[in-house]
Amino acid sequence: MRLGKVVRSNNHCDYVVQVDDALEVKNPPSPDDFGFGSFVKLENDQRHWAVGLVYNTQIVNPLFLNSGPRLSSQPDPYFSPDLQNEVRTLLSVVLIGALDEERGCGRQGIPRVVVPVNTPVFRMSQEEILRFHQDPQGQTQFSYYGLLLSSGGNFADHLVYQVLNDIIPMFSDPAQRRALQILSKELAWKMTVGAMR
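Residues numbered from 1 in each chain as written. Predicted model: local features only at pLDDT ≥ 70, side-chain atom pairs only at ≥ 80, totals over all residues. Heavy atoms only, no water.

### Observations regarding the overall build of the protein chain
Right, so step 1: Across its full length, the protein chain carries four helices and seven strands.
Right, so step 2: Among the 197 residues that make up the protein chain, the fraction classed as buried is 39%.
Right, so step 3: Carbon and sulfur atoms make up 51% of the accessible area of the protein chain, which totals about 11700 Å². (Helix = DSSP H or I, 4+ residues; strand = E, 2+ residues; numbered from the N terminus. Buried < 20%, exposed > 50% of the residue type's maximum accessible area, 1.4 Å probe, protein only. Areas by Shrake-Rupley, 256 points an atom, 1.4 Å probe, with all protein chains shown as cover.)

What follows is the structure, given as structure tokens:
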């Protein structure tokens, strides 16, 4: 499902995505489609650019402190001005790698390329998320852990914890699941101790 498009970047791994609204598409995404910790892919018809995670959301409303109505900039022969809905939902997305279509696995880490503005952003399917967490030998990989902790903003610990709890049920190998569960428990303990300080 398409969520929106890239509108800017804050740095090489931190992108801002504008969510599609009812004026742009017939069936815009609902808030459940782009929640905290959602896996997304940035790609167009020509190329897959990157895989990312939603780590923050902002609602931008330029009319919040504005005292008067705004008119549509579109010419109207009858001059019946329409109020423009300028409220936007912006997603902060940290890039954590890319899908390797040839080998059917994920390449985790900082992507080398710069994603162009207006690149469409889609929510990833469960199958794509699982494939992203497998290396070329089919083994579990979670090597973007450090990248999330340093780039996930104020909610980095919570983001990693959310991701772990989302991906653990996808793995059928007991040893792989156990390793991720231990990491999740350590992180939960760290967040609990941090909250007590």
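From this point, the discussion proceeds with the structure in view.
### Some points on the pattern of salt bridges
Right, so step 1: Per the stated rule, a full pass over the model turns up nine salt bridges.
Right, so step 2: For glutamate 101, the salt bridge goes to arginine 131, with nearest N and O atoms at 3.8 Å. Of this pair, glutamate 101 sits in the loop between strand S5 (88-100) and strand S6 (105-108) while arginine 131 sits in helix H1 (residues 126-132), and the two are 30 residues apart along the sequence.
Right, so step 3: Put simply, Asp21, Glu24 and Arg88 are held in one network by salt bridges that share partners. (Salt bridge = Lys/Arg side-chain N within 4 Å of Asp/Glu carboxyl O.)

### Examining the environment of glycine 35
Right, so step 1: Topologically, glycine 35 is positioned in the loop between strand S2 (14-19) and strand S3 (39-43).
Right, so step 2: Of the residues examined, glycine 35 reaches a relative accessible area of 24% and is grouped as partly exposed.
Right, so step 3: Placed 18 residues apart in sequence, glycine 35 and leucine 53 show a C-alpha to C-alpha distance of 9.7 Å.

### Thoughts on the pairing of S2
Right, so step 1: A large share of S2 lies buried, amounting to six of its six residues.
Right, so step 2: Alternating positions in S2 separate into two faces, Asp14, Val16 and Gln18 on one and Tyr15, Val17 and Val19 on the other, with burial throughout.
Right, so step 3: Taking the residues that link successive antiparallel strands as the turn, the strand S1 (residues 2-11)-S2 hairpin has two residues.
Right, so step 4: Bridge count between S2 and S5: five bridges; the pairing is antiparallel. Residue pairing across strands places aspartate 14 opposite valine 94, the latter belonging to S5. (Pairing = 2+ DSSP bridges.)

### Looking at the layout of surface pockets
Right, so step 1: Of the pockets and cavities examined, the largest pocket occupies roughly 230 Å³.
Right, so step 2: His48, Ala98, Leu99, Asp100 and Arg107 are the residues nearest the centre of the largest pocket, which is lined by 16 residues in total.
Right, so step 3: Broken down by secondary-structure element, the contributors of at least two residues to the lining of the largest pocket are strand S4 (48-60), S5 and S6.
Right, so step 4: The greatest single-element share of the lining of the largest pocket, amounting to four residues, is contributed by S5. (1 Å grid on protein atoms, 1.4 Å probe; cavity = no way out; pocket = protein on both sides within 12 Å on 5 of 7 lines; lining within 4 Å. Points joined across faces, edges and corners; volume = space filled by probe spheres on them.)

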